[in-house]
Every structure is written in structure tokens, then in C-alpha cells.
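# Structure assessment
Each chain, written out:
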Amino acid sequence: SFEKLGLKGLSMWIFYSEFDTPDSGNNVSTDMAETDFSLLYRFSGWFENLSAQFRYAHMDQDENVADGSDWDDVRFYLVYRF
């Protein structure tokens, strides 16, 4: 929360995960690491049911197995709860 900075309603978080899978055999798959950065703002007053979120994710796959590749994902959400 950024309330101490005068930015009530703003929050941020980082999520990191790693997935380790077999490199050979019937269940061969790519190893992967994912890092997500999210920034969320919850409005107040007349728009108290509205929130806006920006999310950036980077997926880093083991490129030596099963045609793995890296990619980035950027999303913007507007959510209204009623």
C-alpha cells in the first residue's frame, strides 16, 4: 500500500515462480520461470467499485527442450464490481 505517500488505493506486488519438468522421456517439457509485476489502483468516492490494474509478466523457458521460447505478456484491466 502506498497510503503513507498520499496514494491511497494504490498497491503493487511481484510474483515469481519456477517450474522444473523432465528433460527426457514421455513427459518431456520445458522448464520455466515466470515473473509478474502488478500495479493496482482502487478508486474511491463515486467510482469506489472501479479498479484499474496494469500487469507485466516475463516467462523464461528452457530453450533446449521441446522448442521452448521466452515471451512477455502485458495486460491492462478495468474492473467494475456491481
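Read on for a plain summary of the structure. Only a predicted model underlies this, so the values are computations on that prediction, with no experimental measurement involved.

## Some thoughts on the pattern of salt bridges
- Applying the stated rule across the entire model yields four salt bridges.
- With a shortest N-O distance of 3.7 Å, arginine 55 and glutamate 34 are connected by a salt bridge. Remark: glutamate 34 occurs in strand β2 (residues 32-42) and arginine 55 occurs in strand β3 (residues 50-61); sequence separation between them is 21 residues.
- Arginine 55 sits in the buried class, given a relative accessible area of 15%.
- By sharing partners, the salt bridges in this structure join Glu34, Asp36, Arg55, Asp73 and Arg75 into a single network.

## Some thoughts on the packing of aromatic side chains
- Within the structure shown, the criterion is met by three aromatic pairs.
- Ring geometry for phenylalanine 37 against tyrosine 56: centres 6.1 Å apart, planes inclined by 20 degrees, an arrangement best described as stacked. Taken together, the residues phenylalanine 37 in strand β2 and tyrosine 56 in strand β3 connect sequence positions 19 residues apart.

## Concerning the environment of isoleucine 14
- Take isoleucine 14: it is sitting in strand β1 (residues 10-19).
- Taking relative accessible area as the criterion, isoleucine 14 reaches 56% and is therefore assigned exposed.
- Apart from the residues lying within four places of it in its own chain, the contact partners of isoleucine 14 are Thr35, Asp36 and Phe37.

## Quick notes on the sheet that holds β3
- Pairing is antiparallel in the open sheet, where four strands are placed in the order β1-β2-β3-β4. Strands with a single pairing partner mark the edges of an open sheet, and in this sheet they are β1 and β4 (71-80). Across the sheet, the axes of successive neighbouring strands diverge by a mean angle of 15 degrees, strand direction being ignored.

Rules and cut-offs
Just so you know, the residues in each chain are numbered from 1, in the order the chain's sequence is written. The predicted origin of the model limits local features to residues at a pLDDT of at least 70 and limits the giving and counting of side-chain atom pairs to 80 or more, whereas totals for whole chains, interfaces and linings rest on all residues. No hydrogens and no water enter the side-chain calculation; it runs on all heavy atoms of the structure. Just to be clear on terms, a salt bridge is a Lys or Arg side-chain nitrogen sitting within 4 Å of an Asp or Glu carboxyl oxygen. For helices the rule is a DSSP run of H or I covering at least 4 residues; for strands it is a run of E covering at least 2, with both sets numbered from the N terminus onward. Whether a residue is buried, partly exposed or exposed follows from its accessible area with a 1.4 Å probe, protein chains only, as a fraction of its type maximum: under 20%, in between, or over 50%, in that order. Only rings of Phe, Tyr and Trp enter the pairing, Trp through its six-membered ring, and a pair is recorded when the two centres are within 6.5 Å. The plane angle decides the type: under 30 degrees is stacked, over 60 is edge-to-face, the rest tilted. Whether two residues are in contact is decided by their heavy atoms: any pair within 4.5 Å suffices. Paired strands, in this sense, are two strands between which DSSP finds at least two bridges. Interaxial angles span 0 to 180 degrees and are taken between N-to-C directions of axes, which are lines fitted to C-alpha atoms, for helices over the stretch in contact.

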